[in-house]
Amino acid sequence: MAVAVVTDSTAYLPEGFADRRGISVVPLHVTVDDSTGLDGVDITPASLANALSERRAVSTSRPSPEDIAAVYRRVLDSGADSIVSVHLSRELSGTWDAARIAAGEVGGVRVVDSRSTAMGLGFAVLAAVKAARSGASASDVEAAAVRTAARTRTFFCLETLEHLRRGGRIGPAAALLGTALAVRPLLHVQDGRIVPLEKVRTTSRAMARLVDLAAEAAGDGPAGLAVHHLCAPQRAAELASKLDERLTDGEGCLISEVGAVIGAHTGLGVLGVVVLPGGLS
């Protein structure tokens, strides 16, 4: 295609989506104790789960501008005329900054801050690909990604806020840290940041509340839906089923396990819902 689309590993597109759509993915870096690997390549959700279960030290970092520039050059050498590179929120990672530096070195690249992550980013990437395949210009592909990212709503439930607190990804949300038994914090992405939404008692009530929030966000028309989890496939499938039942105009619910970068900050058992009101247009 004339315009190629690049993203990073935190989009967590369902397996096979990137390959089938020609999307190039730049992995972020994950360090477990003293060993560093690539998100989704060297460090899988299963290996992250083992590390978290063993209470090993896990940290994450952005790809270098050189890493990203190498991907850009490879894509352009493969025949693309230009690139639209869509990334997770600059409020959550330095990846967008690294991409901007790389774009300046390579040329022919437009960099988009999705102001989100996971499928909040992933839906923007898919919209960009759809526009590129229709023959849209680079500016129109960029605009499609920006519009779609702005429409997404992301909600998630955690077992604990401790991982987010340790990683510095929450500020006001620290107030939700409590000792009450079975309290499940609900958070959402707002203005590119992770912020607290409410507290719910028990996992079952948290799941029901996620369905309610998704339905409110979707409105009356069609909607794109995605469910994320880490080591909770049965609960994710149950949540997706409830969403499909509630949102009869949904476009079908995608299920994807988050990788090490997001999982390191959310912990085991996270459940997330991403809603795209109106669906991919």
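Put simply, helix 8 (residues 203-218) and helix 9 (residues 233-246) touch, their axes get as near as 10 Å, and they point 40° apart. As summarised for this structure, helix 8 and helix 9 are arranged oblique, according to the angle between their axes. Seen along the crossing, helix 8 lies across helix 9 with a hand that is right-handed. Taking contact as the criterion, the partners of Thr203, Met207, Leu210, Val211, Asp212, Ala214 and Ala215 in helix 8 are, on helix 9, Arg235, Glu238, Leu239, Lys242, Leu243 and Arg246. For the contact of helix 8 with helix 9, a count of residues per class yields seven nonpolar, one polar and five charged.

Applying the stated criterion across every chain yields a total of 10 salt bridges. Residue Arg193 is joined to Glu91 by a salt bridge in which the shortest nitrogen-to-oxygen separation is 3.0 Å. Highlighted residues: Arg193 in strand 10 (residues 193-201) and Glu91 in the loop between strand 6 (82-87) and helix 4 (95-106), separated in sequence by 102 residues. Residue Glu91 is classed as partly exposed on the basis of its relative accessible area of 32%. The salt bridge partner of Arg115 is Asp113, with a shortest N-O separation of 3.2 Å. Each member of the salt-bridge network shares a partner with another, and the members are Arg90, Glu91, Asp113, Arg115 and Arg193.

Reading guide: rules and limits
Residues numbered from 1 in each chain as written. Predicted model: local features only at pLDDT ≥ 70, side-chain atom pairs only at ≥ 80, totals over all residues. Heavy atoms only, no water. Axes fitted to C-alpha atoms, helices over the stretch in contact; angles between N-to-C directions. Helix = DSSP H or I, 4+ residues; strand = E, 2+ residues; numbered from the N terminus. Parallel < 35°, antiparallel > 145°, perpendicular 65-115°, else oblique. Left-handed = near helix turned anticlockwise from the far one by under 90°. Contact = heavy atoms within 4.5 Å. Nonpolar A, V, L, I, M, F, W, Y, C, P; charged D, E, K, R; others polar. Salt bridge = Lys/Arg side-chain N within 4 Å of Asp/Glu carboxyl O. Buried < 20%, exposed > 50% of the residue type's maximum accessible area, 1.4 Å probe, protein only.

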